[in-house]
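# Summary of structural features
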Amino acid sequence: MEQTNKKRIFSAIQPSGVITLGNYLGALRNWVSFQEEYECIYALADLHTITVRQEPAALRKNTMEAYALLLACGVDLDKSLFFIQSHVHQHAELAWILNCYTQFGELSRMTQFKDKSLKHADNINAGLFTYPALMAADILLYGADLVPIGADQKQHLELARDIAIRFNGIYSPTFTVPEGFIPKTGARIMSLADPTKKMSKSDENVNATICLLDRPEDIMRKFKRAVTDSEACVRYAEGKDGINNLMGIYSCVTGKSYEEIEKEFDGRGYGDFKTAVGDAVAAHLAPIQEKFRAYMADKAFMEKSYRESAEKASYIAEKMLAKVKRKIGFVGK
Ligand code: ATP
Ligand code: LTN
């Protein structure tokens, strides 16, 4: 990545399972499209992933697959850095520091913490609670101007901004205060089994999520089973969560507006519509899946890539961390 005056982007995704269509439409496709205009730094947030217990072999496999899949989606190592969070130790170090500038009350209000505490009631660990301070560290280490995320991460991004503003206020301007980028369509793709819940990588119901690596026949089966309503009219309206969700997905992958979709399916039933959504999604994912297989067959290339990116990221991160330590009053080495 060359040194330029371009604005900087940071974003990350957890290697907590197979990447879903929600992750892709809400966040990842923007990671790719921003690469021309911005200096982009991307990471696999494996430190965040262990806030929920992970089986070691599965975590290793999910991390390698997520790396390959993001390259297949178009993350371009000639333009961007793309590394594994735990390879750049400054993230954990700044996270500790930021913990001391984050209030218990602020963290208690995070809806993701409340949701995940309910879901993992046997393991409400301190990391799950302080997760947003680590996310703030990820972003603030690189002076990111813009952070492409899905709607579910808006609250965490706002907290990162508050932490940056607070630190800058106590000392002197240190951190760039980041803006979130949340797309107009696709920011919140819902579960196909329960369209009032967001589609999530870690959902146990296989029919709830479309994974980027699903076979075309599985994609079609899941869309055909998707929960809708009994009106049998393809139109975007309040209360039609299932249809609204399918329309959002169809619009993202075809580029058609809601009006165009309503016209296309005027007088036709949900069966036709679901088949069209399944076909469009499968066609969109086919070239990504093919590239994914090619990257997975070249582990040496992936290893070299994430090591080189981590080294460059670490250089940038260290400068920021040293500055933060100086401002706080730590004695230098
Ligand atoms: P987990 O189930 O382990 O919490 P997740 O599927 O929620 O994982 P993350 O790794 O937490 O995924 O998120 C990666 C990116 O994808 C974030 O920017 C997040 O906002 C976005 N994202 C996650 N789920 C959706 C969704 N259903 N619709 C749109 N964007 C999403
Ligand atoms: N918490 C995010 C993943 C994440 C992230 C980040 C996103 C970790 N660090 C920094 C943007 C910027 C999530 O998607 N659940």
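Residues numbered from 1 in each chain as written. Chains lettered and ligands numbered in written order. Predicted model: local features only at pLDDT ≥ 70, side-chain atom pairs only at ≥ 80, totals over all residues. Heavy atoms only, no water.

### Some details on the overall build of the protein
Stated precisely, the cut-off is as follows: Secondary structure elements are taken from DSSP: a helix is a run of H or I of four residues or more, a strand is a run of E of two residues or more, and numbering for both begins at the N terminus. Based on C-alpha atoms, the radius of gyration is set beside the globule rule, defined as 2.2 Å times the residue count to the power 0.38. Only protein chains enter the area calculation, which uses a 1.4 Å probe; residues under 20% of their type maximum are buried, those over 50% are exposed, and those in between are partly exposed. Here a residue-residue contact requires only that any non-hydrogen atoms of the pair lie within 4.5 Å. Each accessible area is a Shrake-Rupley result for a 1.4 Å probe, and residues are judged covered by the shown protein chains and nothing else. By the counting rule applied here, Lys and Arg register as positive and Asp and Glu as negative, while His and the ends of each chain are not counted. In this description, the location of a charge corresponds to atom NZ of lysine, CZ of arginine, CG of aspartate or CD of glutamate.
The helix and strand inventory of the protein stands at 13 helices and five strands. For 333 residues, the compact-globule estimate of 2.2 N^0.38 gives 20 Å, and the C-alpha radius of gyration of the protein, at 21 Å, lies within 12% of that figure. Once the C-alpha set of the protein is aligned to its principal axes, its extents read approximately 70 × 45 × 40 Å. Buried positions account for 52% of the 333 residues belonging to the protein. Of the contacts formed within the protein by residues at least 6 apart in sequence, a portion of 76% connects residues at least 24 apart. When the accessible surface of the protein is split by element, carbon and sulfur atoms take 52% of a total near 15,700 Å². In the protein, 43 side chains carry a positive charge and 42 a negative one; their mean positions are 3 Å apart.

### Observations regarding the site of ligand 2
To keep things clear, this is the line we draw: Throughout this document, a residue counts as near a molecule or strand when at least one of its heavy atoms sits within 4 Å of that molecule or strand. Nitrogen and oxygen atoms within 3.5 Å of one another constitute a polar contact, given that in protein one can donate a hydrogen and the other can accept it, and given that sequence-neighbouring residues count only through two side-chain atoms. Residue polarity follows a fixed list, in which Ala, Val, Leu, Ile, Met, Phe, Trp, Tyr, Cys and Pro are nonpolar, Asp, Glu, Lys and Arg are charged, and the others, Gly among them, are polar.
For ligand 2, the set of nearby residues contains 13 residues, the closest of which are His48, Tyr131, Met135, Asp138 and Gln153. One of the side-chain N or O atoms of Gln14 is found 3.5 Å from a nitrogen atom in ligand 2. Within the side chain of Asp138, a nitrogen or oxygen atom sits 2.6 Å from a nitrogen atom of ligand 2. Elements represented by at least two residues in the shell around ligand 2 include exactly β1 (8-13) and α7 (126-140). No other element matches α7, which puts four residues into the shell around ligand 2. Here the shell around ligand 2 is composed, by residue class, of eight nonpolar, four polar and one charged.

### Some thoughts on the pattern of salt bridges
Spelled out, the test is: Put simply, a salt bridge is a Lys or Arg side-chain nitrogen that is within 4 Å of an Asp or Glu carboxyl oxygen.
A full pass over the atoms with the stated rule returns 20 salt bridges. Measuring nitrogen to oxygen at the nearest pair gives 3.4 Å for the salt bridge that ties Lys61 to Glu65. Here Lys61 and its partner Glu65 are both found in helix α3 (residues 56-73), four residues apart, which amounts to about one turn of the helix. Exposure remark for Glu65: the relative accessible area of 14% places this residue in the buried category. Between Glu264 and Lys256 there is a salt bridge, and its shortest N-O distance comes to 3.0 Å. On the accessibility criterion, Lys256 (27% relative accessible area) is partly exposed. Connected via shared salt-bridge partners are Arg215, Glu217, Asp218 and Arg221.

### Section: unusual backbone geometry
The backbone phi angle of Ala232 is positive, close to 60°, even though this residue is not glycine. If you trace the backbone, Ala232 turns up in the loop between α9 (216-225) and α10 (241-254).

### Let's talk about the site of ligand 1
Not every one of the 21 residues close to ligand 1 is listed here, only the nearest: Lys116, Asp152, Lys198, Ser200 and Ser202. Contacts to ligand 1 include Asn23, whose side-chain N or O atom sits 3.1 Å from an oxygen atom. Between ligand 1 and the protein, one listed contact pairs an oxygen atom with a side-chain N or O atom of Lys116 at 2.6 Å. Element by element, the count of residues in the shell around ligand 1 is highest for helix α1 (residues 21-33), at four residues. Within the shell around ligand 1, the residues separate by chemical class into six nonpolar, 10 polar and five charged.

### Here's the deal with the nonpolar core
Stated precisely, the cut-off is as follows: The term nonpolar core refers to a set of buried residues drawn from Ala, Val, Leu, Ile, Met, Phe, Trp, Tyr and Cys, joined through side-chain atoms within 4.5 Å.
Core analysis: the largest hydrophobic core is formed by 57 residues, its most contacted members being Leu21, Leu70, Ile210, Phe223, Phe273 and Val281. The leading source of residues in this core is helix α12 (residues 270-296), at 10 residues. Contacts of Ile210, omitting those with residues within four sequence positions, involve Ile19, Thr20, Leu21, Leu192, Met199, Ile219, Lys222, Phe223, Val281 and Leu285.

### Considering the packing of aromatic side chains
Inclusion rule: Aromatic rings from Phe, Tyr and Trp, taking only the six-membered ring of Trp, are treated as a pair when their centres fall within 6.5 Å; an angle between ring planes under 30 degrees marks them as stacked, one over 60 as edge-to-face, and anything in between as tilted.
Tallied over the full model, the rule gives 18 aromatic pairs. Seen from their ring centres, Phe34 and Phe181 are 4.9 Å apart, and the 90° between their planes marks the pair as edge-to-face. Of the two residues, Phe34 is situated in the loop between α1 and β2 (39-44) and Phe181 in strand β5 (residues 179-181); the sequence distance between them amounts to 147 residues. For Phe34, a relative accessible area of 9% corresponds to the buried category.

### Overview of the packing of α3 against α12
To keep it simple, the criterion reads: Axis lines are fitted through C-alpha atoms, for helices just across the contact stretch, and the angle between N-to-C directions can take any value from 0 to 180 degrees. Any angle that falls under 35 degrees is termed roughly parallel, while one over 145 is termed roughly antiparallel, one within 65 to 115 roughly perpendicular, and all others oblique. With the far helix as reference, a near helix turned anticlockwise by less than a right angle produces a left-handed crossing, and one turned clockwise produces a right-handed crossing.
Across the interface, α3 lies against α12 with an axial gap of 8 Å and an inter-helix angle of 130°. Considering their axes alone, α3 and α12 lie oblique with respect to each other. With respect to the hand of their crossing, α3 and α12 are arranged in right-handed fashion. Contacts between α3 and α12 pair Met64, Glu65, Ala68, Leu69, Leu71, Ala72 and Cys73 from the former with Ile288, Lys291, Phe292, Tyr295 and Met296 from the latter.

### Considerations on the side chain of Glu39
With respect to the helices and strands, the residue Glu39 is situated in strand β2. For Glu39, the side chain forms a polar contact with the side chain of Arg8, separated by 2.6 Å.

### Concerning the pairing of β2
Quick note on the threshold: When DSSP finds two or more bridges between a pair of strands, those strands are recorded as paired.
With respect to burial, β2 is a largely interior element, six of its six residues being buried. Neither face of β2 is open: one carries Glu39, Ile41 and Ala43, the other Cys40, Tyr42 and Leu44, and all of them are buried. Bridge analysis of β1 against β2 gives six bridges, and the strand direction is parallel. Looking at the pairing, Arg8 lines up with Glu39 of β2. Bridge count between β2 and strand β3 (residues 81-84): four bridges; the pairing is parallel. In the sheet register, Ala43 faces β3, and the bridge partner there is Phe83.

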